[in-house]
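Structural characterization, general
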Amino acid sequence: MKCISVYTNDFEVFSDIYEEIINLKLADNEEKQVDGITVMESGEVPDNYLERMKTKLEVVVMKVRDRDITILQHGNLFEIFIPTTESVVH
C-alpha cells in the first residue's frame, strides 16, 4: 500500500484538499504544500502497519469504499493508504 501523509489535525481543512491530494503525482518521499498544508508521499507500507494502527484507541479510521482507500487520523496527521497493484513481469 502507498501512504500519503498529510500534516494537519483539522478535518475540515483535510476534507477541503483531499481530492487534490489524491490527484497529486508525488515521487517517493516527495513533499509538497497544498493550501499551506504539508503533504508527503511516504512510500510503501506493509499491510500489518495499517492493521496495528487500526487497533489503537487514539486512531480514527475512515474508509472510502468505492476507491478502497483507508484514511487514519491520529495526532496532527492524516495518513491516506492507497492500494497499489503489483506488476508481474514475465
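Just so you know, these numbers come straight off a predicted model, no measurement behind them. (Residues numbered from 1 in each chain as written. Predicted model: local features only at pLDDT ≥ 70, side-chain atom pairs only at ≥ 80, totals over all residues. Heavy atoms only, no water.)

On to the side chain of glutamate 41, then. Note that glutamate 41 resides in strand E3 (residues 37-44). The exposure class assigned to glutamate 41 is buried, which follows from its relative accessible area of 1%. A polar side-chain atom of glutamate 41 sits 2.8 Å from the main-chain amide nitrogen of glycine 43. Leave out the neighbours within four places in its chain, and glutamate 41 touches Lys2, Cys3, Ile4, Leu26, Ala27, Asp28, Asn29 and Glu30. (Helix = DSSP H or I, 4+ residues; strand = E, 2+ residues; numbered from the N terminus. Buried < 20%, exposed > 50% of the residue type's maximum accessible area, 1.4 Å probe, protein only. Polar contact = N/O pair within 3.5 Å; in protein donor to acceptor, adjacent residues only side chain to side chain. Contact = heavy atoms within 4.5 Å.)

With that settled, consider helix H2 (residues 47-54). Taken together, the buried positions of H2 are occupied by Tyr49, Leu50 and Met53. Within H2, the buried residues cover an arc of 95° as seen down the axis, which keeps them to one side. Buried residues belonging to H2 abut strand E5 (69-74) and strand E6 (77-82). (Arc of directions from axis to C-beta.)

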